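Here's the letter readout for the chains.
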Amino acid sequence: MTPPAAEAARSFRAGVIYALVAYGSWGVVPLFWKQLERLDAIEILAHRVFWSLVFVGVALLITRRIGQVIEALRSKQKMSYLVLSGALIAGNWGLFIWAVLQHRLLEASLGYFMNPLANVVLGVVLLKERLRVPQTVGVGLGALGLLVMLVGTSAPVWVALSLASSFAVYGYLRKVAPVESL
């Protein structure tokens, strides 16, 4: 294997591992929020934002990227992306925590099941990405499964639609934002 191909294979494997850890942790996180049921969703969200800020601040110090933060803070364009994406993810986190505390796990789960489909729609519509035939078939089957789930549930779907759309738009903004992800 050529060095670029080997690097691409390593990167792909790392991406798969990161995705499994991320989605696996998202599957377990509701168990944690349920333990905090006596607290208000806003209080939990405030803690999540604060401790995320502390964690990212330490990561930025360790990686010596504070200069990038200062540069972003001085740029109106970069700040507009960051403020909007920050508001979307805070709303998404808050709604998810609220849904867990209100025993609306089915709706929350449905929202995160819908999210990859919403990501594909945004990618095709806004980023002009093209799907190959197997990808189109996969998206179609996912959409069909989603339709069956939506028809089969009596739960209101506003939570699911809000979670899916806010996370998809957040992902889009972070992809096009002229700043590094950290």
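Keep in mind that this is a model prediction, so the values were computed, not measured. (Residues numbered from 1 in each chain as written. Predicted model: local features only at pLDDT ≥ 70, side-chain atom pairs only at ≥ 80, totals over all residues. Heavy atoms only, no water.)

Please explain the side chain of Arg174 as it appears in this structure.
Assignment of secondary structure puts Arg174 in helix 7 (residues 158-176). One buried charge, Arg174, has no salt-bridge partner; the nearest side chain with opposite charge is Glu180, at 8.9 Å. For Arg174, the contacting residues outside a window of four places in its chain are Leu82, Ser85, Val179, Glu180 and Ser181. (Helix = DSSP H or I, 4+ residues; strand = E, 2+ residues; numbered from the N terminus. Buried < 20%, exposed > 50% of the residue type's maximum accessible area, 1.4 Å probe, protein only. Lys, Arg positive; Asp, Glu negative; His and termini not counted. Salt bridge = Lys/Arg side-chain N within 4 Å of Asp/Glu carboxyl O. Contact = heavy atoms within 4.5 Å.)

It is not clear to me how the side chain of Ser166 should be interpreted in this structure. Could you clarify?
With respect to the helices and strands, Ser166 occurs in helix 7. Overall, Ser166 belongs to the buried group, its relative accessible area being 13%. Polar side-chain contacts of Ser166 include one of 2.8 Å to the side chain of Asn92. Reaching out from Ser166, the side chain makes a polar contact with the backbone oxygen of Ser162 at a distance of 2.8 Å. If sequence neighbours within four positions are ignored, Ser166 has contacts with Leu88 and Asn92. (Polar contact = N/O pair within 3.5 Å; in protein donor to acceptor, adjacent residues only side chain to side chain.)

Would you take a moment to explain the packing of aromatic side chains for this structure?
Aromatic ring pairs: the centre-centre distance and the angle between the two ring planes describe each pair. Applying the stated criterion across every chain, the model contains five aromatic pairs. Taking the centre distance of 4.8 Å and the plane angle of 80° together, the rings of Phe50 and Trp51 count as edge-to-face. Ring geometry for Tyr112 and Phe167: centres 6.1 Å apart, planes at 80°, overall edge-to-face. Of this pair, Tyr112 sits in helix 5 (residues 105-126) while Phe167 sits in helix 7, placing them 55 residues apart in sequence. Classification of Phe167 by relative accessible area gives buried; the value is 15%. Each residue in the set Phe96, Tyr112, Phe167 and Tyr170 is aromatic and connected to the rest through ring pairs, giving one cluster. Over the ring of Trp93 we find Arg48; its NZ or CZ atom is 4.1 Å from the centre of that ring. (Phe/Tyr/Trp six-rings, centres within 6.5 Å; stacked < 30°, edge-to-face > 60°. Lys NZ or Arg CZ within 6 Å of the ring centre and 35° of its normal.)

Looking at this structure, I do not really get helix 2 (residues 41-62). What am I missing?
Each α-helix turn comprises 3.6 residues. Residues three or four places apart therefore point the same way. Under the 1.5 Å per step criterion, the end-to-end length of helix 2 is 31 Å for 22 residues, consistent within 8% with the ideal 32 Å. Turning to helix 2, its buried residues are Ala41, Ile44, Leu45, Ala59 and Leu60. Seen along its axis, helix 2 keeps its buried residues to an arc of 130°; they face one direction. Set apart from the buried face of helix 2 by more than 90 degrees, the exposed residues are Trp51, Leu53 and Leu61. In this structure, the buried residues of helix 2 make contact with helix 1 (3-35), helix 3 (66-74) and helix 4 (76-101). The backbone nitrogen of Ile42 lies 3.2 Å from a side-chain oxygen of the residue at the head of helix 2, namely Asp40. Positive backbone phi, approximately 55°, marks Arg64, located one or two places after helix 2. (Expected span 1.5 Å × (residues − 1). Arc of directions from axis to C-beta.)

How should I be thinking about the nonpolar core in this particular structure?
For soluble globular proteins, nonpolar side chains are generally found buried alongside one another. The biggest cluster of nonpolar side chains holds 17 residues, and the ones touching the most others in it are Trp33, Ile44, Phe96, Ile97 and Leu163. Of all the secondary-structure elements, those providing two or more residues to this core are helix 2, helix 4 and helix 7. With eight residues, helix 4 is the single largest residue contributor to this core. Sequence-distant contacts of Phe96, defined by excluding residues within four places in its chain, comprise Val29, Pro30, Trp33, Ala108, Tyr112 and Leu163. Met114, Leu146, Ala160 and Ala164 belong to the second-largest nonpolar core, a separate cluster that totals six residues. (Core = buried A, V, L, I, M, F, W, Y, C linked by side-chain atoms within 4.5 Å.)

I tried to follow the packing of helix 4 against helix 7 on my own but got confused; where do I start?
Axis angle and axis distance: for two packed helices, these are the angle between their axes and the distance between the axes, and together they describe the pair. Their axes nearest at 9 Å, the elements helix 4 and helix 7 cross at an angle of 150°. For the element pair helix 4 / helix 7, the angle class is roughly antiparallel. When you trace helix 4 past helix 7, the crossing you get is left-handed. Mapping the contact onto sequence places Tyr81, Leu82, Leu84, Ser85, Leu88, Ile89, Asn92, Leu95, Phe96, Trp98 and Ala99 in helix 4 and Trp158, Val159, Ser162, Leu163, Ser166, Phe167, Val169, Tyr170, Leu173, Arg174 and Val176 in helix 7. Classifying every residue of the contact of helix 4 with helix 7 by side-chain character gives 17 nonpolar, four polar and one charged. (Axes fitted to C-alpha atoms, helices over the stretch in contact; angles between N-to-C directions. Parallel < 35°, antiparallel > 145°, perpendicular 65-115°, else oblique. Left-handed = near helix turned anticlockwise from the far one by under 90°. Nonpolar A, V, L, I, M, F, W, Y, C, P; charged D, E, K, R; others polar.)

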